[in-house]
Amino acid sequence: MSTVAGESPQAKQSADNEVTGRLSKQWSARLPLPDSHLVDTRIYTDPAIFEQEIERIWHKTWLPVCHESELANPLDFRSSGIAGDVPIVIVRGTDGKVRTFLNVCPHRGNLIVRKARGNLSVAEPSGNSNHMTCMFHGWQFNAEGRCVEIPRERAGYQDRVCKAGMGLRQIRTEVAYGGFVWVNLDDDGESLDDYMGGIFDYMKVELESEPLEVFHYQKVVINTNYKYFHETGREFYHDFLHYHNRQTGMMQKGYFDRKYVPYKNGHCLIGLTISQYKAYQGYEDRGLTFPGMPKNGWKGIGLFPGITFNLRSSCLRVNFMTPISENRVLIEVRGLGLKRDDDETRASRIRDFNTIWGPFGRNAHEDFLAIQTQAVAVRPGSGAKYCVMAREEDDTTHDEIGLRCYYSEWSRRMGRLASDPTRTHP
Ligand code: FES
Ligand SMILES: [Fe+2]
């Protein structure tokens, strides 16, 4: 080590160790920001907080589970898991009505429907057609949830247990807002319309002028906290991540005019903007739209606790989530067009969808990569303390008001502050 004339070796050593970042004390100190502008990273990593989220949020809010076009015919069914992986089965009855049941046998708790989708007229190997048959002891249930067969019922149960008292657990179900099937595990909570608070008026023309149809379904399991993914639908500051959005949006006139509008119950509107698709090399304007949607228009809705409706002119992308643990989430992505599309129109919508979101598109993977590496860096013991949600830009494109409105609702429902989960929500 060389020293300059007159400088002691100790002084040089001290200069070499000059602290240019922050020492532990400063790093861990809270920034001088209000509670609304910070999120404590423990709410992404703590299993006890996750369990409480499932109970206080996911078991009490309206969640979409599929679209009516995926249950087009009587006796069509789909099975899945919701809200921390509660098994459910959704069935269209012979009366045309869509109902949802817990996919749990009332006898000894086996899973009843084992296929992801199908039609009940096709019998399971051990069952009868038109019924859901539990493979374990052969109890059968019809599409309305009634128990219609208990093998050797009288011989074993005499008159102590009977079919009439052993129906499936029925879950509140509504088909609304563009034909989506919504469920709520809480029998006593608010109505679907009260929960939405009118937010779908913003997309009423686009979603309800004529029937929609699912043309794309993709399922992804990611080792991350579910909130990280939903956050990507509520702030566009991260357009710096997306090549597509930089080209078609950020570098274009009007990009920073887009507005966010916070809504009741933690929902938010993402204002209309016009994308310049031609600016993406090799791509063209989107000729197709939805009813009421301007050419190349883009608008969105973010719903608490983790649903996004994202309409980019010719195609609608809707994301649902099923949180599995504090660090694992199932994301389901659906793409929709109009039911009356002819083959050419549909192909065009699918091309538009895939360019940006599909399995070989751009944006979806960029988001998935970002939220996966967030979870790597913010694991317990890594030293990460806070996520900063403090951008204020007149509620426009790079403002983080959408995140703040989410965490305000999160804090209210959890009874604890997102900025410090050890403190009670006032
Ligand atoms: S557990 Fe379903 S019939 Fe026994
Ligand atoms: Fe994104």
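The structure under discussion appears in the preceding block.
Residues numbered from 1 in each chain as written. Chains lettered and ligands numbered in written order. Predicted model: local features only at pLDDT ≥ 70, side-chain atom pairs only at ≥ 80, totals over all residues.

Draft legend 1. Spotlight on the sheet that holds strand β18 (residues 328-338). Strand order in this open sheet of 7 strands is β12-β18-β17-β16-β15-β14-β13, and the pairing throughout is antiparallel. Taken across any chain shown, the strands that pair with only one partner, and hence form the sheet edges, are β12 (212-222) and β13 (260-262). Averaged over neighbouring strand pairs, the angle between their axes works out to 15° when direction is ignored. Bridge count between strand β14 (residues 268-274) and strand β15 (residues 297-303): 5 bridges; the pairing is antiparallel. The residue bridging Ile270 from the neighbouring strand is Gly300, located in β15. (Pairing = 2+ DSSP bridges. Helix = DSSP H or I, 4+ residues; strand = E, 2+ residues; numbered from the N terminus. Axes fitted to C-alpha atoms, helices over the stretch in contact; angles between N-to-C directions.)

Draft legend 2. Expanded view of helix α12 (residues 401-414). Look at α12: 20 Å from first C-alpha to last across 14 residues, which is about the 20 Å you get at 1.5 Å a residue. Counting buried residues along α12, 11 of its 14 residues qualify, which places the element largely inside the surrounding structure. Of the residues making up α12, those classed as buried are Ile401, Gly402, Leu403, Arg404, Cys405, Tyr406, Tyr407, Glu409, Trp410, Ser411 and Met414. Positive backbone phi, approximately 75°, marks Gly415, located one or two places after α12. (Expected span 1.5 Å × (residues − 1). Buried ≥ 20, exposed ≤ 12 C-beta atoms within 10 Å, placed from the backbone.)

Draft legend 3. The arrangement of the nonpolar core in detail. Among the nonpolar cores identified, the biggest contains 84 residues, and Leu63, Val65, Val89, Ile90 and Leu316 are the most heavily contacted of them. With 7 residues, the single largest contributor to this core is α12. Split by domain, this core shows at least three residues from each of two domains, domain 1 (51-59 + 198-424) and domain 2 (63-173). Apart from the residues within four sequence positions on either side, Val65 is in contact with Ser80, Ile82, Ile88, Ile90, Thr100, Val181 and Val183. (Core = buried A, V, L, I, M, F, W, Y, C linked by C-beta atoms within 7 Å. Domains from an automatic or database assignment. Contact = placed C-beta atoms within 7 Å.)

Draft legend 4. Looking closely at unusual backbone geometry. Following Phe304, the chain continues to Pro305 via a peptide bond in cis, the omega torsion being 5°. By the secondary structure assignment, Pro305 is in the loop between β15 and β16 (307-312). Here the phi dihedral of Leu75 falls at roughly 75°; this positive angle occurs in a residue that is not glycine.

Draft legend 5. Broad picture of the sheet that holds strand β3 (residues 76-82). Read across the sheet, 7 strands follow the order β2-β11-β10-β5-β4-β3-β6 without closing on themselves; strand pairing throughout is antiparallel. Edge positions in the sheet fall to β2 (63-67) and β6 (117-119), since each of these pairs with one other strand and no more. Put simply, the sheet's adjacent strands are angled 30° from each other on average, direction ignored. Pairing of strand β10 (residues 170-176) with strand β11 (residues 180-184), which is carried by 5 bridges, proceeds in the antiparallel orientation. Note that in β11 the partner of Glu174 across the bridge is Trp182.

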